[in-house]
Amino acid sequence: MIDETLFTENLEYLERHGFLLIKNALDDETVNLWQGILYSLYEKEKDQLENLGQLSSSGLRRNSVGNVACDNLLALEPEKTRELIAPESVAPYLKSVLGKQCQLRSIRAHLNPLNYLQEWHMDFYDYWYQQERSEAAHPIVGLCMNTTFYLTNNPPEQGRLRFLRDFFAMSIPDDIRHHVVYTDDRTDPFQVWCDGQVHVDLHPMAGDAVVFYSHIPHQGAKIREDKPGKTRANIVLHYQQNPMFPGIRFVSNPQFTLDQLGYAGTFPFS
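As the structure is a prediction and not an experimental result, all values here were calculated from the model.

Q: What am I meant to see in the side chain of Q191 here?
A: With respect to the helices and strands, the residue Q191 is situated in helix α7 (residues 189–195). Polar side-chain contacts of Q191 include one of 2.8 Å to the backbone nitrogen of W120. Sequence-distant contacts of Q191, defined by excluding residues within four places in its chain, comprise E119, W120, T183, D185 and R186.

Q: How should the packing of helix α1 (residues 4–17) against helix α5 (residues 91–98) be read in this particular structure?
A: Angle between the axes and distance between the axes: these two values describe a pair of packed helices. Between α1 and α5, the shortest axis-to-axis distance is 11 Å and the interhelical angle comes to 55°. As far as their axial angle goes, α5 and α1 are oblique. Pair α1 / α5 crosses with right-handed handedness. The residues of α5 that touch α1, namely those facing F7, N10, L11, L14 and E15, are P92, Y93, S96 and V97. Split into classes, the residues belonging to the contact of α1 with α5 amount to six nonpolar, two polar and one charged.

Q: Before we go on, may I ask you to explain α1 in this structure?
A: An α-helical turn contains 3.6 residues, so any two residues separated by three or four positions project in the same direction. For α1, with 14 residues, the first-to-last C-alpha span of 20 Å sits near the 20 Å given by 1.5 Å per residue. Buried within α1 are the following residues: F7, N10, L11 and L14. For α1, the arc enclosing every buried residue in end-on projection is 100°, short of the 170-degree limit, so these residues lie on one face. Those residues of α1 that are exposed and aimed more than 90 degrees away from the buried face are T5 and R16. In this fold, the buried residues of α1 make contact with β1 (19–22), α5, β6 (144–150) and β9 (209–213). Looking at the residues trailing α1, positive phi occurs at G18, about 90°.

Q: Is there a simple way to think about the sheet that holds β6 in this case?
A: In space, the seven strands of this open sheet follow the order β1-β9-β6-β11-β4-β3-β2, with antiparallel pairing throughout. Bordering the open sheet on either side are β1 and β2 (60–62), each of which pairs with just one other strand. Going from strand to strand, the sheet's axes swing by 20° on average, the running direction of each strand aside. In this structure, β6 lies alongside β9, joined through five bridges in antiparallel fashion. The residue bridging M145 from the neighbouring strand is Y213, located in β9.

Q: It is not clear to me how helix α2 (residues 28–45) should be interpreted in this structure. Could you clarify?
A: Taking 1.5 Å of rise per residue, the 18 residues of α2 would be expected to cover 26 Å, and the 26 Å separating its terminal C-alpha atoms lies within 8% of that figure. For α2, the set of buried residues is V31, W34, Q35, I37, L38, Y39, L41, Y42 and E45.

Q: Explain the pairing of strand β11 (residues 232–240) to me, please; I cannot follow it from the model alone.
A: Moving residue by residue along a regular strand, the side chains alternate between the two faces of the sheet. Here β11 lies mainly inside the structure; nine of its nine residues are buried. Residues of β11 alternate between two faces, with R232, N234, V236, H238 and Q240 on one and A233, I235, L237 and Y239 on the opposite face, all of them buried. The pairing of strand β4 (residues 103–112) with β11 spans nine bridges and is classified as antiparallel. In the strand pairing of β11, L111 is matched with A233. Both β6 and β11 contribute to a ladder of seven bridges, which runs antiparallel. When the sheet's bridge partners are listed, C144 is paired in β11 with Q240.

Q: Sorry if this is basic, but what is going on with the sheet that holds strand β7 (residues 159–164) here?
A: Within the open sheet, the four strands sit side by side as β5-β10-β7-β8. Their pairing is antiparallel. Both outer strands of the open sheet, β5 (116–117) and β8 (199–202), are each paired with one neighbouring strand and no more. As judged from the two bridges shared by β5 and strand β10 (residues 218–222), these two strands associate in the antiparallel manner. Bridge assignment links L117 to a residue of β10, and that residue is A221.

Q: Can you help me understand the nonpolar core in this one?
A: Proteins that are soluble and globular tend to have nonpolar side chains buried together. In terms of nonpolar packing, the biggest core is built from 61 residues, with L14, L38, L94, I235, L237 and Y239 touching the most fellow members. Broken down by element, the residue count for this core peaks at seven residues, all from α2. In contact with I235, not counting residues within four places along its chain, are W34, L38, L73, L84, I107, R108, A109, T147, T148, F149 and L151.

What counts and what doesn't
Residues numbered from 1 in each chain as written. Predicted model: local features only at pLDDT ≥ 70, side-chain atom pairs only at ≥ 80, totals over all residues. Heavy atoms only, no water. Helix = DSSP H or I, 4+ residues; strand = E, 2+ residues; numbered from the N terminus. Polar contact = N/O pair within 3.5 Å; in protein donor to acceptor, adjacent residues only side chain to side chain. Contact = heavy atoms within 4.5 Å. Axes fitted to C-alpha atoms, helices over the stretch in contact; angles between N-to-C directions. Parallel < 35°, antiparallel > 145°, perpendicular 65-115°, else oblique. Left-handed = near helix turned anticlockwise from the far one by under 90°. Nonpolar A, V, L, I, M, F, W, Y, C, P; charged D, E, K, R; others polar. Expected span 1.5 Å × (residues − 1). Buried < 20%, exposed > 50% of the residue type's maximum accessible area, 1.4 Å probe, protein only. Arc of directions from axis to C-beta. Pairing = 2+ DSSP bridges. Core = buried A, V, L, I, M, F, W, Y, C linked by side-chain atoms within 4.5 Å.

Given below as structure tokens:
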């Protein structure tokens, strides 16, 4: 059971800053299990990942900033993946903020076998522009949250997850809005602007989780080579407060999750 005093303090922190590090969200057995699953999958299919963006036979994809992602864990490991959907360690925060409207959007595993500096990005690109995008006089304004479970250690000398400090309750400037797209160009105006803001760095260790609002600009990084047999890895679950129409810009597509779990099955608290 979660300590009520700690939960209240953590929830207040999350609501003030937009992100929260939760220690020991997964036990060692679960961490080791998922390390084995993802490392084995990568080793079997890494030769298929030479071309950027090309899917391997199991659905791995490599991008140009050093990330290898897998979006179909629900098909590859259905029972084990379901155990990561709103587990006890993160469920109280999701339920408090999103309530019964909390819907699982997607699940994505990440591996960083080579050099890795993520592009600055927001998972929920259009959070601040929902009325504009919906073209509705009275739009339903939705929230989205992430839970990221870390499978390896990220001490300061090894890796980090970096957030912009002041942009939980404030949008990015309008003049750089159209630059918020995937890019490995570090001179891109949005990338340069984010580099110039005040940052907060988190250093989650294996088994820790980070819960955060999906519209905050953030950036992961692997600062030096991994220890042998401990390739940097994590698993991200995206949640949305209400089903958003297909035209809204988000980093992932919910259709695969809907196909695997069914509509009702994507609501962990209903």
